[in-house]
Amino acid sequence: MIGRKLGKTVRLTASYIVLVILSIAALYPALWILLASFRPGKSLYSKTFWPEQFTLAHYTELFTSPVYMFGQWYANTLKISIMSMLIGVVLTLLTSYAVSRFRFKARKTALSTILILGMFPGFMSMIAIYLLLKEFHLLDTHLALIIVYAAGAPLGGTFIAKGFLDTIPRSLDEAARIDGASNFGIFARIILPLSRPMITYMALTQFVGPWVDFIFARLILRSKENWTVAVGMWDMVNSQQNTNFTLFSAGAVLIAVPIMILFGFLQRLLVDGLTAGASKG
Amino acid sequence: MQRHRTRAAILSTIFMGLGQIYNRQFIKGLIFIAAEALAVYYFIQNLGRALWGIVTLGETPSHLEKVKGVSKMVQGDHSIFILIQSLITILVLIIFLAAWYMNIRDAYKIGAEREAGHQANSFKQTVRYIMDYKFAQTFLILPTVGILFFTIMPIIFMIMLAFTNYSAPGHMPPAKLVDWVGFETFRSLLVLKSWSHTFYGVLTWTIIWAVLSTATTYFGGLLVALLVSQQGIRFKGIWRAILIVPYAVPQLISLLLMRNLFNGQFGPINQYLGYFGLDGLPWLTDPFWAKVTVIVVNMWVGIPVSMLLIMGVLTTIPRDMYEAAEVDGASAYQKFRIVTLPMILFSTAPTLIAQFAGNINNFNAIFLLTGGSPVNGDYQYAGSTDLLVTWLYKLTLDQNKYNMASAIGIIIFIIVASFSLYNYRRTKSFKEEDMIQ
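Residues numbered from 1 in each chain as written. Chains lettered and ligands numbered in written order. Predicted model: local features only at pLDDT ≥ 70, side-chain atom pairs only at ≥ 80, totals over all residues.

A. Structural detail: the overall build of chain A. If you tally the helices and strands in chain A, you get 13 helices and 0 strands. Along the chain direction, N to C, the helices and strands of chain A fall in the order α-α-α-α-α-α-α-α-α-α-α-α-α. For chain A, the spread of C-alpha atoms along the principal axes amounts to about 80 × 70 × 35 Å. Sequence separation of 24 or more characterises 75% of the internal contacts of chain A that already satisfy a separation of 6 or more. (Helix = DSSP H or I, 4+ residues; strand = E, 2+ residues; numbered from the N terminus. Contact = placed C-beta atoms within 7 Å.)

B. The overall build of chain B, seen in detail. Looking only at helices and strands, chain B has 19 helices and 2 strands in total. In chain B, 63% of the contacts between residues at least 6 apart in sequence involve partners at least 24 apart.

C. Representation of unusual backbone geometry in the model. Residues and elements named next belong to chain A. Phi is positive for His137, which is not a glycine, with a value near 55 degrees. Structurally, His137 can be placed in the loop between α5 (126-135) and α6 (142-166). Classification of His137 by C-beta neighbours within 10 Å gives exposed; the count is 9. Within the chain, Asp140 stands out as a residue other than glycine whose phi angle is a positive 65 degrees. With 13 C-beta atoms packed within 10 Å, Asp140 lands in the partly exposed category. (Buried ≥ 20, exposed ≤ 12 C-beta atoms within 10 Å, placed from the backbone.)

D. Expanded view of the nonpolar core. Counting 152 residues, the largest nonpolar core has Leu145, Val148, Ala230 and Met233 of chain A together with Leu252 of chain B as its most contacted members. The element best represented in this core is α6 of chain A, accounting for 14 residues. What Ala230 of chain A contacts, discounting residues up to four positions off in sequence, is Trp211, Val212, Asp213, Phe214 and Ala217 of chain A together with Leu252 of chain B. Counting residues in hydrophobic clusters, the runner-up holds 9 residues, among them Ala9, Leu11, Tyr108 and Ile110 of chain B. (Core = buried A, V, L, I, M, F, W, Y, C linked by C-beta atoms within 7 Å.)

E. Spatial organisation of the UniProt feature "transmembrane region" (unreviewed entry) in chain B. Residue and element names in this part refer to chain B. Per the UniProt entry, the sites bearing "transmembrane region" (unreviewed entry) are residues 26-44, 80-101, 138-163, 199-226, 238-258, 288-317, 338-358 and 402-422 in this numbering. As annotated, residues 26-44 comprises 100% helix and 0% strand, and the C-alpha atoms at either end are separated by 27 Å. Strand forms 0% of residues 138-163 and helix 92%; the C-alpha atoms that close the span are 37 Å apart. (UniProt positions renumbered as here; feature names shortened; annotations may be inferred.)

F. Spatial organisation of the interface of chain B and chain A. Contact residues are listed per partner, giving 72 residues for chain B and 72 residues for chain A. When residues in the side of chain B that touches chain A are grouped by element, the largest group, 17 residues, is from helix α6 (residues 135-161) of chain B. Residues belonging to the side of chain B that touches chain A are distributed by class as follows: 50 nonpolar, 20 polar and 2 charged. (Nonpolar A, V, L, I, M, F, W, Y, C, P; charged D, E, K, R; others polar.)

G. View of the UniProt feature "transmembrane region" (unreviewed entry) in chain A. Residues and elements named next belong to chain A. UniProt tags residues 12-35, 80-99, 111-131, 143-161 and 245-266 as "transmembrane region" (unreviewed entry). Secondary structure content for residues 80-99 is 100% helix and 0% strand, and the end C-alpha separation is 28 Å. Its end C-alpha atoms 31 Å apart, residues 245-266 is made of 95% helix and 0% strand.

H. Region of interest: the domain arrangement of chain A. Residue and element names in this part refer to chain A. In terms of domain boundaries, chain A breaks down into domain 1 (2-56) and domain 2 (60-280). In this structure, domain 1 and domain 2 have C-alpha centres spaced 33 Å apart. The interface is formed by 10 residues belonging to domain 1 together with 10 residues belonging to domain 2. Looking at the side of domain 1 that touches domain 2 residue by residue, the class counts come to 5 nonpolar, 3 polar and 2 charged. (Domains from an automatic or database assignment.)

I. Geometry of the pairing of strand β2 (residues 70-74) of chain B. All names here are of chain B. Burial analysis of β2 places just 0 of its 5 residues in the buried class, a small minority of the element. Bridge count between strand β1 (residues 63-67) and β2: 5 bridges; the pairing is antiparallel. Across the sheet, the residue bridging to Glu65 is Lys72, located in β2. Remark: 2 residues form the turn of the hairpin made by β1 and β2, two consecutive strands paired antiparallel; Lys68 in that turn has positive phi of roughly 50 degrees. (Pairing = 2+ DSSP bridges.)

J. Just the domain arrangement of chain B, in detail. We note that the domain assignment places domain 1 (3-61 + 74-182) and domain 2 (187-431) within chain B. Listed per partner, the contact involves 10 residues of domain 1 of chain B and 10 residues of domain 2 of chain B.

K. Examining helix α11 (residues 251-261) of chain B more closely. With 10 of 11 residues buried, α11 of chain B lies mostly within the body of the structure. Among all positions of α11 of chain B, only Leu252, Ile253, Ser254, Leu255, Leu256, Leu257, Met258, Arg259, Asn260 and Leu261 of chain B are buried.

L. Broad picture of the environment of Ser331 of chain B. Tracing the backbone shows Ser331 of chain B in the loop between α14 (319-327) and α15 (332-360). Placed 312 residues apart in sequence, Ser331 of chain B and Gly19 of chain B show a C-alpha to C-alpha distance of 79 Å.

M. Geometry of helix α3 (residues 26-56) of chain B. Residue and element names in this part refer to chain B. Its 31 residues give α3 an end-to-end C-alpha distance of 44 Å, which sits within 8% of 45 Å, the value for a rise of 1.5 Å per residue. By the burial criterion, the buried members of α3 are Lys28, Gly29, Phe32, Ala50 and Gly53. Backbone geometry just downstream of α3 places Leu57 in the positive-phi region, at approximately 55 degrees. (Expected span 1.5 Å × (residues − 1).)

N. The arrangement of the environment of Leu212 of chain B in detail. Residue and element names in this part refer to chain B. As for its placement among the helices and strands, Leu212 is situated in helix α8 (residues 193-229). With 17 C-beta atoms counted inside 10 Å, the residue Leu212 sits in the partly exposed group. Measuring from C-alpha to C-alpha, the distance between Leu212 and Ile31 comes to 59 Å, with 181 residues separating the pair along the chain.

O. Region of interest: the packing of helix α11 (residues 229-239) of chain A against helix α12 (residues 245-265) of chain A. Residues and elements named next belong to chain A. At their nearest, the axes of α11 and α12 sit 10 Å apart, and the two run at 160 degrees to each other. Here α11 lies roughly antiparallel to α12, going by the angle between them. Viewed along their axes, α11 and α12 form a crossing whose handedness is left-handed. The residues of α12 that touch α11, namely those facing Val229, Met233, Met236 and Val237, are Phe248, Gly251, Ala252 and Ile255. Here the contact of α11 with α12 is built from residues that sort into 7 nonpolar, 1 polar and no charged. (Axes fitted to C-alpha atoms, helices over the stretch in contact; angles between N-to-C directions. Parallel < 35°, antiparallel > 145°, perpendicular 65-115°, else oblique. Left-handed = near helix turned anticlockwise from the far one by under 90°.)

P. View of the packing of α8 of chain B against α15 of chain B. Residue and element names in this part refer to chain B. Two elements in contact, α8 and α15, have axes whose closest approach is 9 Å; the angle formed by their N-to-C orientations is 145 degrees. Seen from above, α8 lies across α15 with right-handed handedness. Judged by residue contacts, Thr206, Trp209, Ala210, Ser213, Thr214, Tyr218 and Leu222 of α8 engage Ile344, Leu352, Gln355, Phe356, Asn359 and Ile360 from α15.

Q. Region of the structure containing the environment of Gln399 of chain B. Residues and elements named next belong to chain B. In this fold, Gln399 is placed in the loop between α17 (388-397) and α18 (402-426). Classification of Gln399 by C-beta neighbours within 10 Å gives partly exposed; the count is 16. Setting aside residues up to four positions removed in sequence, Gln399 forms contacts with Ala168, Tyr381 and Lys394.

Laid out in C-alpha cells, this is it:
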C-alpha cells in the first residue's frame with residue numbers, strides 16, 4: 001500500500017513539474033511581448049527579462065505619429081470585420097440550413113462542390129480576384145475586402161454549421177409545420193434560437209479572420225490610410241524589423257488583447273465547436 | 001391533346017416568357033421577357049468579343065505607330081484582361097442558358113397542367129409555391145452567386161493560366177501578348193532540369209513538413225491532454241486555460257514574435273543559451289536549424305488545438321469501459337492502450353487527416369516565420385524552408401511567373417484533394433447522415 005501511495009505522489013509531483021514547465025512555455029512569449037511594449041528604447045535586445053523602467057511612450061506614438069495611423073487602421077479593421085462577419089454568418093446559415101433541412105436534387109452536388117473548392121489554396125484565386133475587382137473599380141476599397149471575406153465564408157463554415165443543425169431534432173420542425181409555421185418561420189423561431197452556440201462560434205471565427213489576414217488585405221488595400229492592422233503590422237516588421245521592435249510589441253498587444261478576451265469568454269463554445277466538427281468530420 | 005404544352009414550350013423557346021403569357025401567367029411572363037431582353041442586350045455587346053478573346057487571347061500587342069510623322073505608343077490587346085472578361089461573359093451565358101432551359105420546362109409543365117384541366121397558378125400562388133417547396137434552392141441563390149464569382153471563376157481562371165505562357169519577362173501584357181501553350185508549363189516544371197530540381201526539392205520538404213508537423217502536434221496534444229486529465233491533478237480548468245493561451249494569440253502576432261525571439265543576433269533565446277555558457281544556434285539562418293525551428297514553433301502553435309480536441313474526446317469515453325477493464329485486472333498502462341488510445345484515434349482520425357492536408361497548405365507558419373529563408377542557391381526563387389504554397393506565392397507576387405504558379409497550384413490541389421476525398425468518403429456523417437434522425 002505504502003509503495004503504491006508513494007508511486008502516486010511521485011507521479012503527481014512529476015506531472016505538476018511538467019505542467020509548470022509547459023505553462024511557462026505557453027505564457028512566456030505572450031508575457032515577453034507585453035513587457036517589451038512597456039520597455040523604453042527601441043531595440044529587440046534587453047539585458048533583463050523584467051524592464052528596469054516602464055513607459056507608455058510606444059502606445060502614444062502609435063496613435064499620434066503621422067507615420068503609423070494606428071487609430072485609423074484599428075477603426076478600418078473593426079469596420080471590415082464586423083461587416084464581413086454579419087454578412088458571412090448570414091450566408092453560412094442560409095447555406096447550412098438549406099443543405100441540412102431540405103432534400104433537393106442538387107444537394108449532394110452542392111455539398112461535394114463546397115468540399116472540393118475548400119481544397120484549393122485560397123490565394124490561388126488571388127490574381128483573378130484582383131483583376132475582377134479592378135474590372136468593377138473596387139480596388140483599394142473596404143467594400144471589396146468585405147465582399148471577398150463574406151463570399152468565402154460559406155466555404156469554410158458550412159460543414160461545421162450543417163453538422164450542428166443536423167443534431168436539432170427534425171420533429172421540432174414538423175410540430176411547427178403542423179401548427180402552420182412557414183419555412184421562414186421555422187428558420188427564425190426554431191433553428192436560430194437553438195443554434196446560438198454555433199452562431200457565436202462562427203461569428204467569432206469570422207470576426208477574427210480580417211484581423212489576422214494580410215494576404216488579401218495587402219493585395220487589395222493600396223493606400224496607407226485604408227490599411228487594416230494586419231497589413232500595418234506586417235509592414236512594420238518587414239520594413240524595420242530590429243530598429244523599432246518595442247513599437248511592434250505595442251501594436252501586437254493592441255491587436256491580440258481584444259481577440260484573447262473574446263476567446264476567454266467563448267472558451268467553452270470553442271471546445272464544443274471543435275469537437276462538433278471532429279465527431280461529424 | 002398535346003396542344004398547350006407543345007405550344008407553350010415552343011413559344012418559350014422563341015423568347016423567354018412568351019409561353020408563360022400564353023399560359024396566362026402575365027406577371028411571371030413579363031418578368032421573364034424583361035430578363036431575356038436584358039440578357040440579349042448584354043450578349044450583343046459582349047459575346048462576340050468574348051469568344052474571340054478566349055480563342056486568341058488578343059492579337060495586337062502594344063506597338064509604335066506613325067501618326068503624322070511622330071511615333072506614338074498605341075495600346076494593344078491586354079491578353080489577361082481579355083481572358084477574364086471573356087470568362088465572366090461565358091459564365092453569364094451559362095447562367096442564362098440554364099435559366100432559359102428552366103423557363104421552357106416551366107412553360108411545358110404548366111401547359112400540361114392546363115390540358116389536364118387545372119387553372120395555371122396566379123402570381124401570388126407561384127410565390128407561395130416557391131416559398132413552400134423550392135425554399136432551399138431560393139435560399140441558396142445568394143451564397144451560390146458569391147461562390148461562383150469569388151471562388152469558382154478565379155479557380156477556372158487560374159487553371160487556364162497554367163496552360164498559357166503568362167510570365168515575366170517574356171510575356172507580360174500590355175507590352176506583349178500571351179498565348180495558349182498546352183502542357184508546356186507542366187513539362188518544364190516536372191522534366192526541365194532547372195525547374196524540376198526545385199520542384200522535387202520543395203515537394204519533398206513539403207511532405208516531410210506535413211508529416212512531422214501533424215505528428216508532433218497531435219501526439220504532443222495527446223500527451224498534454226492525458227497529463228492534465230490524470231486522476232488526482234487539481235485545478236484542471238486553470239491548467240487548461242493557461243495551456244490554450246498560444247491558441248488564443250493570433251498567429252500573425254505569435255509567429256512574427258517568434259521570428260524575433262529566435263533572432264540569431266539579438267534574440268532572447270540565444271541570450272539565455274549564453275547564460276548557460278552555450279553558443280547560440282543559427283535558428284533561422286542555417287537550412288537545417290531553420291527547419292527544426294519551424295517545426296518547434298508549429299508545435300507551440302498547434303498543440304493547444306489538439307489538446308482541446310482530445311480533452312473533449314476523453315470526456316466522452318464511457319466510464320464503464322474502464323471499470324470493465326479494472327475488473328479484468330488491467331494496469332493503468334493497459335487501460336490506456338486498450339481503451340483510451342483506440343477510442344481517441346477512432347474519433348479523431350478524420351481531424352488528423354484534415355490537419356495533415358491543412359499542413360501541406362500551411363502558409364502562415366512558414367511565410368510569417370522564415371519567409372522561406374534561408375536562401376537556397378540551387379533553387380529557382382525558393383528557399384530551404386519554402387513549401388509549395390509559399391513558393392507559389394513568391395512566384396506570383398515577386399516573380400510574376402503566373403503560369404508556373406498556377407501549375408503548382410493545380411498539383412497542390414491534386415495532392416490535398418486525394419487525401420481529403422479519401423477522408424470524406426469514410427466519414428460516417430456523409431454516408432449515413434439520414435440515419436441519425
